[in-house]
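A structural walkthrough
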Amino acid sequence: MTTLSPQTATPPSPTRGVHVITWGCQMNVYDSARMQDVLRPLGFTPVDTPETAEIIILNTCHIRDKAAEKVFSELGRLRLIKEARKIRGQQTLIAVAGCVAQAEGEELLTRAPYVDIVLGPQTYHRLPDMLANAARTGKAVIDIDFPTEQKFDFLPQNETPQSPNYPTAFLTIQEGCDKFCSFCVVPYTRGAENSRPVSTILEEAKRLVDLGVRDISLLGQNVNAYHGVGPDGNLWSLARLAYELAKIPALLRIRYTTSHPRDMDDTLIAAHRDLPQLMPFLHLPVQSGSDRILRAMNRGHTASNYIDIVHRLREARPDIALSSDFIVGYPGETDEDFNATMRLVQKVGFALAYSFKYSPRPGTPAAEAPLQIPEDIKNTRLQILQKILHEQQDTFNDQLVGHSIPVLFTSRGRKQGQIVGRSPWLQPVHINGPEHLIGQERLVRITARLSHSLDGILEGNI
Ligand code: 5AD
Ligand code: SF4
């Protein structure tokens, strides 16, 4: 039997595979990459299929829908793989990570006793110890603490760009949330707001840029509430961090997500005016256009606060485009409340939006609220909202046709001779062009809008 101990005397074999399945938000994508980083020094390399993996990690999301049921059904599939590998004499450890692991804890092991490790979003730096314990004792290990130590201090320096979309990368700068919107499970699963120190963020950003990354998305559940300790001992805001990051010469693009309207202050808006690197595309969830519902949601802003922020952003950076999240069918939502959301959408004009039916999360205040909205009403409202949001998205993309825009090329396209890049507004842009442009930014004239992407031709010489 292969030992999984990190103190193993034999040199690590390059054939030990770890397969990570990632569900949910960009932070889960980042966390999955970090879990691979902590396992790399033990000789584990990522593999594409669970059948070839000694460790299978399911990194879960709890934000909506039947999160736990989805997890148990996927675990059922992984159990069969584990059993098939056992017949072949191969050991497999199954780890469940992320927000469902945090929320379900012990319960997960009761329902799926073949799971070996349950770990939360704040403990993945301890994964090597958990593996060693599970392998040594044959017993399941559960670690869903909110530890006092900063997991980031325990992560190895990442040696490869974490993003499959090189030259873009995610960088977590803040985690957790103190806002307690009444529908949301995040403050319970990710814990209290916590900002990484400025110096570690700058180091990670510089390392990524040295590896060829040109577009960094700063991540946080409440990213614009960032207040990390700076090298001067003071607390730095996101704006101040952005000005500092913009000094890294080869870093062409800086983004941040997800923001809260309450934390969209003047300094951050000014940074959009001053820093060309700060991309003119902002994800700013509004959730609803009804003040009554926003109050019930405990959002701490009104519809007109939101519209005012959008005006100020557009003054500072006229080409800025907005994306947002919406929830329909929040408990007590009337037709008039829903119409207020439609009016807000018409007033703002979104380039992109995600809209969801309200999904009760156990343990959150809204789940207990009276006047839960029937499913058919939620469905109808969602359809009406999505229709206008899709139209707005198409309108936004249409107006780029005929214009030249900078595109950062990220990968080969599906068709022969095609490469794909990202616009400043994150649309995928396809051109026919040479692969050596991957990693570089070039001007592209947009020739057509497809359903979710743009076609273009390269401007000037290659
Ligand atoms: N039901 C539906 N949507 C939700 N979101 C968060 N919690 C819920 C819920 N209980 C949505 C919000 C948030 C996005 C990440 O997911 O719109 O901004
Ligand atoms: Fe959830 Fe609200 Fe915090 Fe966003 S701000 S993570 S929606 S509680």
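Cut-offs used in this document
- Residues numbered from 1 in each chain as written.
- Chains lettered and ligands numbered in written order.
- Predicted model: local features only at pLDDT ≥ 70, side-chain atom pairs only at ≥ 80, totals over all residues.
- Heavy atoms only, no water.
- Helix = DSSP H or I, 4+ residues; strand = E, 2+ residues; numbered from the N terminus.
- Rg over C-alpha atoms; globule rule 2.2 N^0.38 Å.
- Buried < 20%, exposed > 50% of the residue type's maximum accessible area, 1.4 Å probe, protein only.
- Contact = heavy atoms within 4.5 Å.
- Areas by Shrake-Rupley, 256 points an atom, 1.4 Å probe, with all protein chains shown as cover.
- Lys, Arg positive; Asp, Glu negative; His and termini not counted.
- Charge placed at Lys NZ, Arg CZ, Asp CG, Glu CD.
- Near = heavy atom within 4 Å.
- Nonpolar A, V, L, I, M, F, W, Y, C, P; charged D, E, K, R; others polar.
- Pairing = 2+ DSSP bridges.
- Axes fitted to C-alpha atoms, helices over the stretch in contact; angles between N-to-C directions.
- Domains from an automatic or database assignment.
- Buried area = accessible area lost by both parts, 1.4 Å probe.
- Salt bridge = Lys/Arg side-chain N within 4 Å of Asp/Glu carboxyl O.
- Polar contact = N/O pair within 3.5 Å; in protein donor to acceptor, adjacent residues only side chain to side chain.
- Phe/Tyr/Trp six-rings, centres within 6.5 Å; stacked < 30°, edge-to-face > 60°.
- Lys NZ or Arg CZ within 6 Å of the ring centre and 35° of its normal.
- 1 Å grid on protein atoms, 1.4 Å probe; cavity = no way out; pocket = protein on both sides within 12 Å on 5 of 7 lines; lining within 4 Å.
- Points joined across faces, edges and corners; volume = space filled by probe spheres on them.
- Parallel < 35°, antiparallel > 145°, perpendicular 65-115°, else oblique.

Remarks on the overall build of the protein
- If you tally the helices and strands in the protein, you get 14 helices and 21 strands.
- The C-alpha atoms of the protein give 23 Å as radius of gyration, which agrees with the globular expectation for 462 residues (23 Å, within 12%).
- For the protein, the proportion of its 462 residues judged to be buried stands at 56%.
- Here the contacts in the protein between residues at least 6 apart in sequence split such that 72% fall between residues at least 24 apart.
- Summed over its atoms, the accessible surface of the protein is roughly 20,200 Å², and 52% of this surface lies on carbon and sulfur atoms.
- Put simply, the protein has 49 plus and 51 minus side-chain charges, and the middle of one group is 3 Å from the middle of the other.

Observations regarding the site of ligand 2
- As a structural note, the neighbourhood of ligand 2 is formed by Cys177, Lys179, Phe180, Cys181, Phe183, Cys184, Val186, Pro187, Asn222, His260 and Arg299.
- Looking at the shell around ligand 2, its residues break down into 7 nonpolar, 2 polar and 2 charged.

What about the sheet that holds strand E6 (residues 141-143)?
- As summarised here, the arrangement of the 6 strands in space is E2-E1-E3-E4-E5-E6, forming an open sheet in which the pairing is parallel. On the outer flanks of this sheet lie strand E2 (44-46) and E6, each paired with one strand and no other. Averaged over all pairs of adjacent strands, the angle between their axes in this sheet comes to 20 degrees, without regard to strand direction.
- Packing of helix H1 (residues 26-39) onto the sheet brings it into contact with strand E1 (16-22), E2, strand E3 (55-60), strand E4 (93-97) and strand E5 (117-119), and relative to E3 it is tilted by some 155 degrees.

Some details on the pairing of strand E13 (residues 253-257)
- Most of E13 is tucked away: 5 of the 5 residues are buried.
- For strand E10 (residues 215-219) and E13, the ladder comprises 5 bridges, and the chain directions are parallel. Its bridge partner being in E13, serine 217 is matched across the sheet by arginine 255.

With respect to the sheet that holds strand E17 (residues 404-412)
- Pairing is mixed around the closed barrel formed by 5 strands, whose spatial order is E17-E18-E19-E21-E20. Averaged over all pairs of adjacent strands, the angle between their axes in this sheet comes to 55 degrees, without regard to strand direction.
- The sheet contact formed by strand E18 (residues 418-422) and strand E19 (residues 428-432) spans 5 bridges and is antiparallel. Of the residues in E19, the one forming a bridge with glycine 421 is valine 429.

Some thoughts on the domain arrangement of the protein
- Partitioning the protein into domains gives domain 1 (2-143), domain 2 (151-350) and domain 3 (404-458).
- Its C-alpha centre places domain 2 at a distance of 26 Å from the equivalent point of domain 3.
- With 14 residues of domain 2 in contact, the opposing surface of domain 3 contributes 13 residues.
- Carbon and sulfur atoms make up 60% of the surface buried where domain 2 meets domain 3, a total of about 1,100 Å² over both sides.
- Broken down residue by residue, the surface that domain 2 buries against domain 3 is led by Tyr166, Arg253 and Phe281, which jointly contribute 41%.
- Here domain 2 and domain 3 share 1 salt bridge between them.
- At the surface where domain 2 touches domain 3, the tally comes to 8 residue pairs in polar contact (both at pLDDT 80 or more).
- Residue composition of the side of domain 2 that touches domain 3, by class: 7 nonpolar, 2 polar and 5 charged.

Description of the packing of aromatic side chains
- Applying the stated criterion across every chain, the model contains 5 aromatic pairs.
- Here phenylalanine 180 and tyrosine 188 contribute two aromatic rings whose centre-to-centre distance is 5.5 Å and whose plane-to-plane angle is 75 degrees, an arrangement assigned as edge-to-face.
- For phenylalanine 180, a relative accessible area of 38% gives the class partly exposed.
- Look at tyrosine 188 and you get partly exposed, because its relative accessible area is 37%.
- Of note, arginine 34 hangs over the ring of tyrosine 30, and the distance from its end group to the ring centre comes to 4.6 Å.

Some words on the layout of surface pockets
- Taken as a whole, the second largest pocket spans an internal volume of roughly 320 Å³.
- Counting only elements with at least two residues in the lining of the second largest pocket, the list comes to helix H2 (67-87) and helix H5 (127-137).
- In terms of residue count, the dominant contributor to the lining of the second largest pocket is H2 (3 residues).
- A class-by-class count of the residues in the lining of the second largest pocket yields 5 nonpolar, 5 polar and 5 charged.

Comments concerning the packing of helix H12 (residues 335-348) against helix H14 (residues 375-398)
- Packing of H12 against H14 leaves a shortest axis separation of 11 Å and a crossing angle of 5 degrees. Classified by the angle their axes make, H12 and H14 are roughly parallel. Where H12 approaches H14, its residues Asp335, Phe338, Thr341, Met342, Val345 and Gln346 are matched on the opposing element by Arg381, Ile384, Leu385, Ile388, Leu389 and Gln392.
- Residue classes in the contact of H12 with H14 are distributed as 7 nonpolar, 3 polar and 2 charged.

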